[in-house]
Amino acid sequence: MTGWSPARVWRSRIHRYRLIAARCTSCGRAHYPPSNACPYCGSRSLDNVELPRVGRLLSYSVVYTTPFEDKSRAPIVIGLIDLGVAKLIAEVVDVTPEDLEVGVSVEAVFRRVSVDGSTGLIVYGVKFRPRREG
Amino acid sequence: MAYITGVGLVNVDRHYDKGIRGLAFEAASKALDSSMSSEVDFIVVASSLSYLQEPQLDLASYIASSIGLRGARSIAVESGEASGLAAVMTAKTLVESGVASRVLVVGVDKVSDHPSWRAYKHLSMLYDTESDAFYSIGLGGVAGLLMRLYMHVYKVDRLTLAYWPALMHSNAKKNPYAMLRFSITPEKVLEAPPVAEPLTLLDTFPLGDGAAALVVEGSPSRGALAEIAAVESATGYQSVALSDDPLKIESLEVAYMRLVERTTLESIDVVELHDSFTIMGVLELETLRLAERGKAAEAVAQGYFSVGGGGPVVNPSGGLKARGHPIGATGVYQVAEVALQLAGEFPGLQVEGAKGGLVVSLNAAGSSSYIAYLRSVR
Amino acid sequence: MASMLAPERGAGIHGWGVYIPRYRISMAEIAREWGWPDHQWKALGMVEKAVAGPDEDSTTMGLEASLNAIKRAGINPSDIGAVFFGTESKPYAVKPSATIIAEAIGATPLTMASDLEFACRAASEGMRASIGLVTSGIVKYALVVGSDTAQANPGDVLEFTASSGAAAFVIGSSQGSAAVFEGSSTYVTDTPDFWRREGSPYPRHGEGFTGEPAYFAHIVGAVRSLLEKLGLRPSDFNHAVFHQPNGKFPLKVGEMLGFKPEQLKVGLVTPVIGNTYNGSALIGLARILDYAKPGERILVAPFGSGAGSDAYSLVVTDVVEEKRGRAPTVDDYINDKIVISYSLYAKFRDLIRVVKE
């Protein structure tokens, strides 16, 4: 059972693919994913802003309580990422958990986030990986 | 004015032999019997996972009919993990507005029927499916990263944060309704299997079923256990990532400020708060200024929140960690426990002479927060 | 003398980019699992191959390669008028990956987009089509993506080489490009050397039959046709990159055609990343562009089973140097690796039979 109907996948594709945040024209703050009104000042006047694809890992957790469909990736690292203008929570990939540290530089990557069985839709989105040096 | 005139608790456990209707029936029967009457104008049902797990809609009506209250007015309240306290708020509002004179609040949820990996999936839906829960956060992913952030920002070590679960287990040993009634040491917490590092199994609420019920009246004809002086609430950010200060639970701070506007907190002798994970308990103490920022874990370790420690007694029931956390029902347990404390009738660790108590219930990392002040009537 | 009239001269490569997953598995690890003698993989000239992680697929890899190519091209993605996605490992049998990429890079809605199939040369067909679209003026820029998460029947010799990776190119007018096309040629016949039936998880192949009548015949056919058309000889080229299913075949076909091993050196990547199928010759081309000097001439000859080969002649311009540093190089990806065990590889590539809910 998935909550990601074809319509929901379609409605959210732009912000999922391109890391598009909403920015309030009243107070200037950005938030991701885009909501209908500014979570800070409540204004309904929002426009779009593309987020930077590089940021810092403020914190993370290594999750062992993985739902069955995600077992191939367990344990899964969940991170709190600061992209400067906005922060978000996302999976951190391509890393052995022992090699992670608070404060490392991370970059956005486009990955499969969930798959609806063998016949349903693939939902893509942005995850983060430690930034390679050089 | 709103008063609690009856309570009914089911021990938190894996009740394979009872469904949600059976559990609700047991708690409701006890509450109605203890209130000396089966008259109910309104039933308010609090549940959260049932909508996903049964799955069942119009839950309050089906529960009402199945427990002998067909015909009563019914409404279901869902606010994730805070459903129970939200339901108590609803009941208080109903009696104070004059719409009802006797309200039965029933909180019920089952967490142990399905295999744990399915429970993890359902529990992740307590978080925002558009942001955090878009990813595979499992059980504890967000709390785990808050724990690591806390340790990093305040330079508090893992062992200091392990005194909380040890205290909860110690408190629950005397509580006949608690799910886990054995002692643990802080060292054992560190050795336990990881759930969402740095959280271990012993930092995490156990998966158990339960039901709790209250009778709430505006003008009790007989004595009441306690008065519900005020309940307040606030909605919070969709994700902690949106907060400028993720280690403060903004919605709880707002709810608390609203509470003190509504009523005077003459004394806070006992607190039942929402320690779904060790870190949440710590952050709530700091958000409520019962401890300084970065100091709550240390204060717990030093016994400040234990009986005779100088501070309010926190979670004498054993809290979500040891009494248990049947999600939608938990808030009702907490209110029942504080009411019994204030009446001098708590069957477990009793806070002697308690005059006022706080109940804190929130969902996830604070998408909504509820706080209640109860006053003794003795 | 190169022909002055080849229409391809109106087109060039404005941006190039690749993506190679971080994970690697060694040949020795695969051999140990299936009881192969070491000689088997040594004879293929192989060391390691790249393995896509469990949340990667040809679309995710293709997108990162595309973003790198667009960074190098320095263009507005809305000026891209065609997106060709060449793959033989489509995440959807029906539903294009090209639209996902087009949407993700910001080229939608006024753009052509399609997924192409011709085993390992599908992307290359897209490249020839792009040259036509650009030189005719129908589109300003075209994005060509070659990406595969190649699968082989576990225990089959193909398992040593079937790997994952992607390459992408922004094709535009030769004006301002990093490398100009001098000409192109395609040579196809109906040759069943390697195939996969609908519903089958793994391909089958004719073993030795994949060599002489397929790989060699078609590459030789395409390259000779190109050289003749343009009046060029192997010695006129500084670099040559052929489809590289292993570390040996390209050296052999190079020799057959009269190229020297030094000419093939920069473009030969399969020994360390495996055969990335639609990425194969094209990742090699990208590596050449990472190193080539202005004025150098490059031969590119992708091959796809079924069977067919293309041949291109490219001449590098001054512009290559300013574009190079805008995105990670092929070597940046090659050197960034985490070596894994066979069991982890099997789990990542879904080879372990798990009964899903």
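Here the structure is a predicted model, which means the values were calculated and not measured. For every chain, the first residue of the written sequence is number 1, and numbering continues from 1 along that sequence. The order in which chains are written sets their letters, starting at A; the order in which ligands are written sets their numbers, starting at 1. Totals for whole chains, interfaces and linings use all residues, but because this is a predicted model, local features are given only for residues with pLDDT of at least 70 and pairs of side-chain atoms are given and counted only at 80 or more. Water and hydrogen atoms play no part in the side-chain values, which are based on all heavy atoms of the structure.

Caption draft 1: The overall build of chain C, seen in detail. Across its full length, chain C carries 13 helices and 15 strands. Restricting the calculation to C-alpha atoms gives the radius of gyration, and the globule rule supplies 2.2 Å times the number of residues raised to the power 0.38. Relative to its length of 357 residues, chain C is compact, with a C-alpha radius of gyration of 19 Å against a globular reference of 21 Å. Taken over the C-alpha atoms alone, chain C extends approximately 55 × 45 × 35 Å along its principal axes. The rule is simple: take the accessible area with a 1.4 Å probe, protein chains only, and divide by the maximum for that residue type; under 20% is buried, over 50% is exposed, in between is partly exposed. Residues classed as buried in chain C amount to 61% of the 357 residues present. Contacts are assigned to residue pairs with any non-hydrogen atoms lying within 4.5 Å of each other. Counting contacts in chain C only where the partners sit at least 6 residues apart, residues at least 24 apart contribute 80% of the total. Within the structure as shown, chain C displays about 13,400 Å² of accessible surface, and the carbon and sulfur contribution to it stands at 54%. In summary, the charge assignment counts Lys and Arg as positive and Asp and Glu as negative, without counting His or the chain termini. Where a charge sits is defined by one atom per residue type, namely NZ (Lys), CZ (Arg), CG (Asp) or CD (Glu). Across chain C, the 34 positively charged side chains and the 39 negatively charged ones have centroids separated by 2 Å. The helix count covers DSSP runs of H or I at least four residues long, the strand count covers runs of E at least two residues long, and both are numbered beginning at the N terminus. For every accessible area listed, the method is Shrake-Rupley and the probe measures 1.4 Å; residues are considered covered only by the protein chains on display.

Caption draft 2: Focus on the packing of aromatic side chains. Pairing of aromatic side chains requires ring centres within 6.5 Å, counting the rings of Phe and Tyr and the six-membered ring of Trp. Pairs whose planes differ by under 30 degrees are stacked, by over 60 edge-to-face, and all others tilted. In total, this model carries 22 aromatic pairs over all chains according to the counting rule given. Note on Phe68(A) and Trp117(B): the rings are 5.3 Å apart at their centroids and 45° apart in plane angle, and the pair reads as tilted. In this pair, Phe68(A) sits in the loop between strand E4 (54-63) and strand E5 (76-82) while Trp117(B) sits in helix H5 (residues 116-124), so the two residues belong to two different chains. Overall, the relative accessible area of 28% leaves Phe68(A) in the partly exposed class. Here Trp117(B) falls in the partly exposed class, since its relative accessible area comes to 23%. Ring plane angle 70° and centroid distance 5.6 Å describe the contact between Tyr19(C) and Tyr333(C), whose orientation is recorded as edge-to-face. Pair noted here: Tyr19(C) is in strand E1 (residues 11-19) and Tyr333(C) is in helix H12 (residues 330-335), with a separation of 314 residues, a long-range link. Here the aromatic residues Tyr215(C), Phe216(C), Phe249(C) and Phe303(C) are joined through ring pairs into a cluster of three or more. Only Lys NZ and Arg CZ are tested; either one counts as a charge over a ring when it is within 6 Å of the ring centre and within 35 degrees of the ring normal. Above the ring of Trp4(A), the side-chain terminus of Arg8(A) is found at 4.3 Å from the ring centroid. In this arrangement the basic side chain of Arg297(C) is found over the ring face of Phe237(C), its NZ or CZ atom lying 6.0 Å from the centre.

Caption draft 3: Local environment of the sheet that holds strand E2 (residues 30-31) of chain A. All names here are of chain A. Pairing between strands is defined by DSSP: at least two bridges between the two strands are required. Sheet architecture is open: three strands sit in the order E2-E1-E3, paired in antiparallel fashion. For this open sheet the edge positions go to E2 and strand E3 (46-50), each flanked by a neighbour on one side alone. Here strand E1 (residues 20-24) pairs with E3 via five bridges, running antiparallel. Directly across from Ile-20, in E3, lies its bridge partner Glu-50.

Caption draft 4: View of unusual backbone geometry. Ala74(A) connects to Pro75(A) through a cis peptide bond whose omega is -5°. With an omega of 10°, the peptide bond between Glu197(B) and Pro198(B) qualifies as cis. Topologically, Pro198(B) is positioned in the loop between strand E5 (194-197) and strand E6 (199-200). For Ala364(B), which is not glycine, the phi torsion reads 55° and is therefore positive. Looking at where Ala364(B) falls in the secondary structure, it is placed in the loop between strand E11 (356-363) and strand E12 (368-376). Despite not being glycine, Asp350(C) shows a phi value in the positive range, around 60°.

Caption draft 5: Summary view of the domain arrangement of chain C. All names here are of chain C. Looking at the assigned domains, one finds that chain C contains domain 1 (2-178 + 337-348) and domain 2 (179-316). By convention here, the domain bounds are inherited from an automatic or database domain assignment. On a C-alpha basis, the centroid separation for the pair domain 1 and domain 2 is 15 Å. Domain 1 puts 59 residues into the contact, and the matching count from domain 2 is 51 residues. Per-residue buried area on domain 1 facing domain 2 is highest for Cys-120, Arg-121 and Arg-128; these three make up 14% of the total on that side. Basic side-chain nitrogens of Lys or Arg form a salt bridge, by our definition, when they fall within 4 Å of a carboxyl oxygen of Asp or Glu. Two residues, Arg-72 and Asp-290, come together in a salt bridge whose shortest N-O distance is 3.8 Å. For any pair of parts, buried area is found by adding up, for both, the accessible area (1.4 Å probe) each one loses once the two are put together.

Caption draft 6: How the structure looks around the packing of helix H3 (residues 58-73) of chain C against helix H4 (residues 98-105) of chain C. Residues and elements named next belong to chain C. Only C-alpha atoms enter the line fits that serve as axes; for helices the fit covers just the stretch in contact. Angles between N-to-C directions range over 0 to 180 degrees. Contact pair H3 / H4: the axes reach a minimum separation of 10 Å and the direction vectors enclose 40°. The pairing of H3 with H4 is recorded here as oblique in orientation. The crossing of H3 and H4 is right-handed. Between H3 and H4, the contacting residues are Thr-59, Gly-62, Leu-63, Ser-66, Leu-67 and Ile-70 on the first element and Ile-100, Ile-101, Ala-104 and Ile-105 on the second. Under the convention adopted here, Pro, Cys and the residues Ala, Val, Leu, Ile, Met, Phe, Trp and Tyr are nonpolar, Asp, Glu, Lys and Arg are charged, and Gly plus all remaining residues are polar. For the contact of H3 with H4, the residue count by class is seven nonpolar, three polar and no charged. The cut-offs work like this: below 35 degrees is roughly parallel, past 145 is roughly antiparallel, 65 to 115 is roughly perpendicular, and the gaps in between are oblique. Note on convention: the crossing is left-handed when the near helix lies turned anticlockwise from the far helix by less than a right angle, right-handed when the turn is clockwise.

Caption draft 7: Layout of helix H7 (residues 163-172) of chain B. With respect to burial, H7(B) is a largely interior element, eight of its ten residues being buried. The inward-facing, buried residues of H7(B) abut helix H8 (186-191), helix H10 (278-287), helix H11 (296-301), strand E10 (313-314) and helix H12 (319-322) of chain B.

Caption draft 8: Representation of the sheet that holds strand E2 (residues 23-26) of chain C in the model. All names here are of chain C. The sheet built from three strands is open, its strands ordered E3-E2-E15 with mixed pairing. Unpaired on one side and paired on the other, strand E3 (48-51) and strand E15 (338-339) mark the two borders of the sheet. In this structure, E2 lies alongside E3, joined through four bridges in antiparallel fashion. Each bridged residue has a counterpart across the sheet, and for Arg-24 the counterpart in E3 is Ala-50. Where helix H1 (residues 27-34) meets the sheet, it contacts E2 and E3, and its direction lies at approximately 55° from that of E2.

Caption draft 9: How the structure looks around the pattern of salt bridges. By the definition in use, this model includes 47 salt bridges over all chains. Here Asp70(A) and Arg73(A) are joined by a salt bridge, their closest N and O atoms 3.5 Å apart. The two residues Asp70(A) and Arg73(A) agree in class, both being buried. The shortest N-O distance in the salt bridge between Arg262(B) and Glu232(B) comes to 2.7 Å. With Arg262(B) in helix H9 (residues 250-262) and Glu232(B) in strand E8 (residues 226-235), this residue pair connects regions lying 30 residues apart in the sequence. One salt-bridge network, held together by shared partners, links Asp70(A), Arg73(A), Glu91(A), Asp94(A), Arg111(A), Lys127(A), Asp55(C) and Glu56(C).

Caption draft 10: Region of interest: H9(B). All names here are of chain B. By this rule the span expected of a helix is its residue count minus one, scaled by 1.5 Å. The end-to-end C-alpha distance of H9, which contains 13 residues, comes to 19 Å, matching closely the 18 Å that a straight helix rising 1.5 Å per residue would cover. Ser-251, Leu-252, Glu-253, Ala-255 and Leu-259 are the residues of H9 that are buried. Residues of H9 that are buried in the fold lie against E8, H10, E11 and E12.

Caption draft 11: Quick peek at the nonpolar core. Residues belong to a common nonpolar core when they are buried Ala, Val, Leu, Ile, Met, Phe, Trp, Tyr or Cys residues joined through side-chain atoms within 4.5 Å. Counting 101 residues, the largest nonpolar core has Ile81(A), Phe128(A), Leu123(B), Leu146(B), Tyr150(B), Ile279(B) and Leu285(B) as its most contacted members. In terms of residues, this core owes the most to one element, helix H6 (residues 141-154) of chain B, which gives seven residues. Other than its neighbours up to four places away in sequence, Leu285(B) contacts Trp164(B), Leu273(B), Leu290(B), Ala291(B), Ala296(B), Val300(B), Phe305(B) and Val314(B).

Caption draft 12: The arrangement of the interface of chain B and chain A in detail. Across the contact, 34 residues belong to chain B and 40 residues belong to chain A. When chain B packs against chain A, the two sides together hide about 3,200 Å² of surface, and 62% of this comes from carbon and sulfur. Taken as a group, Phe134(B), Tyr135(B) and Ser136(B) account for 23% of the area that chain B buries against chain A, more than any other trio of residues on that side. Counting every contact that joins chain B to chain A gives three salt bridges. Arg8(A) serves as the salt-bridge partner of Glu130(B), at 2.7 Å between the closest nitrogen and oxygen. Within 3.5 Å is the distance limit for a polar contact, defined as a pair of N or O atoms, with the added protein rule that one can donate a hydrogen and the other accept it, and that residues adjacent in sequence qualify only through two side-chain atoms. Taken together, chain B and chain A are joined by 18 residue pairs in polar contact (both at pLDDT 80 or more). Within the residue set of the side of chain B that touches chain A, elements represented by two or more residues are H5, H6 and E5 of chain B.

Caption draft 13: Broad picture of the pairing of E11(B). All names here are of chain B. Buried residues dominate E11, accounting for eight of its eight residues. Residue alternation in E11 divides its side chains into two sets, Gly-356, Leu-358, Val-360 and Leu-362 and Gly-357, Val-359, Ser-361 and Asn-363, and both sets are buried. One ladder, built from three bridges, connects strand E9 (residues 270-272) with E11; its direction is parallel. Residue pairing in the sheet places Val-271 in a bridge with Leu-358 of E11.

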